[in-house]
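Chain and residue survey
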Amino acid sequence: MSALPFHPSAKTEALSASLYLESQREGYGAKFERELDKLLKRIEQFPDSGSRLPNYPEDLNVRAYRMMTFRYSIIVANPDGEPMVYAIAHQHRQPGYWLERIE
């Protein structure tokens with residue numbers, strides 16, 4: 001697993017997404033987890049590769065990293081100068097629900 005720290009709610013979202021996907025199709029929970037882990041490692045290696053999200057101070061460096069297979073994005077910000085995962089957000093449900101976690 002990645003060395004990036006997770007907001008507690010982001011951990012819950014990752015687990016919930018994995019369980020939901022597995023319930024929809026056998027093996028998809030594990031596939032989701034593998035892709036998530038791969039993307040987290042890429043984020044560690046290339047932190048500026050995600051799309052910068054507007055309306056945040058530049059020093060927070062809030063970015064979204066889209067998963068390729070699944071309709072989820074990893075939301076990362078640096079409020080204390082260190083990156084942290086704030087959400088594993090479905091791309092088509094409740095946009096921006098995680099905003100208060102960063103503020």
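To keep things clear, this report deals only with the structure shown in the data block. (Residues numbered from 1 in each chain as written. Predicted model: local features only at pLDDT ≥ 70, side-chain atom pairs only at ≥ 80, totals over all residues. Heavy atoms only, no water.)

1. Description of the overall build of the protein
If you tally the helices and strands in the protein, you get 3 helices and 4 strands. Secondary structure of the protein in N-to-C order comes out as α-α-β-β-β-β-α. A globule of 103 residues ought to have a C-alpha radius of gyration of about 13 Å, and the protein, at 13 Å, matches this closely. Projected onto its principal axes, the C-alpha coordinates of the protein cover approximately 40 × 30 × 20 Å. In the protein, buried positions account for 44% of the 103 residues. Long-range pairs, those at least 24 residues apart, make up 42% of the contacts in the protein between residues at least 6 apart in sequence. Summed over all atoms, the accessible surface of the protein reaches about 6600 Å², with 50% contributed by carbon and sulfur. Looking at the protein, you have 13 positive and 14 negative side-chain charges, and the mean spots of the two groups are 9 Å apart. (Helix = DSSP H or I, 4+ residues; strand = E, 2+ residues; numbered from the N terminus. Rg over C-alpha atoms; globule rule 2.2 N^0.38 Å. Buried < 20%, exposed > 50% of the residue type's maximum accessible area, 1.4 Å probe, protein only. Contact = heavy atoms within 4.5 Å. Areas by Shrake-Rupley, 256 points an atom, 1.4 Å probe, with all protein chains shown as cover. Lys, Arg positive; Asp, Glu negative; His and termini not counted. Charge placed at Lys NZ, Arg CZ, Asp CG, Glu CD.)

2. Here's the deal with the packing of helix 1 (residues 8-24) against helix 2 (residues 28-45)
Between helix 1 and helix 2, the shortest axis-to-axis distance is 6 Å and the interhelical angle comes to 145°. Together, Ala14, Ala17, Ser18, Leu21 and Glu22 of helix 1 and Tyr28, Gly29, Ala30, Phe32, Glu33 and Leu36 of helix 2 make up the contact between the two elements. Its residues assigned to classes, the contact of helix 1 with helix 2 shows 7 nonpolar, 2 polar and 2 charged. (Axes fitted to C-alpha atoms, helices over the stretch in contact; angles between N-to-C directions. Nonpolar A, V, L, I, M, F, W, Y, C, P; charged D, E, K, R; others polar.)

3. A few points about helix 2
Helix length check: helix 2 (18 residues) gives 26 Å between terminal C-alpha atoms against 26 Å at 1.5 Å per residue, within 8%. Taken residue by residue, helix 2 has Gly29, Phe32, Glu35, Leu36, Asp37, Leu39, Leu40 and Ile43 as its buried positions. (Expected span 1.5 Å × (residues − 1).)

4. A short note on the packing of aromatic side chains
Considering all chains together, one arrives at 3 aromatic pairs under this definition. Between Phe32 and Phe70 the ring centres are 5.5 Å apart and the planes differ by 75°, which places this aromatic pair in the edge-to-face class. Within this pair, whereas Phe32 is found in helix 2, its partner Phe70 is found in the loop between strand 2 (63-66) and strand 3 (72-77), the two being separated by 38 residues in sequence. The same class applies to Phe32 as to Phe70, namely buried. Seen from their ring centres, Phe32 and Tyr72 are 5.3 Å apart, and the 70° between their planes marks the pair as edge-to-face. Separated by 40 residues along the polypeptide, Phe32 in helix 2 and Tyr72 in strand 3 bring together distant segments of the chain. Exposure remark for Phe32: the relative accessible area of 0% places this residue in the buried category. The rings of Tyr28, Phe32, Phe70 and Tyr72 are connected pair by pair, giving a single aromatic cluster. (Phe/Tyr/Trp six-rings, centres within 6.5 Å; stacked < 30°, edge-to-face > 60°.)

5. Details of the pattern of salt bridges
Tallying each qualifying case throughout the model produces 3 salt bridges. The residue Glu13 makes a salt bridge to Arg101 at a minimum N-O spacing of 2.7 Å. One end of the pair, Glu13, is in helix 1; the other, Arg101, is in helix 3 (residues 99-102), with 88 residues separating them in the sequence. Across this residue pair, the class does not change: Glu13 and Arg101 are buried. The salt bridge partner of Arg63 is Asp48, with a shortest N-O separation of 3.7 Å. Within this pair, whereas Arg63 is found in strand 2, its partner Asp48 is found in the loop between helix 2 and strand 1 (51-52), the two being separated by 15 residues in sequence. Taking relative accessible area as the criterion, Arg63 reaches 9% and is therefore assigned buried. Taking relative accessible area as the criterion, Asp48 reaches 55% and is therefore assigned exposed. (Salt bridge = Lys/Arg side-chain N within 4 Å of Asp/Glu carboxyl O.)

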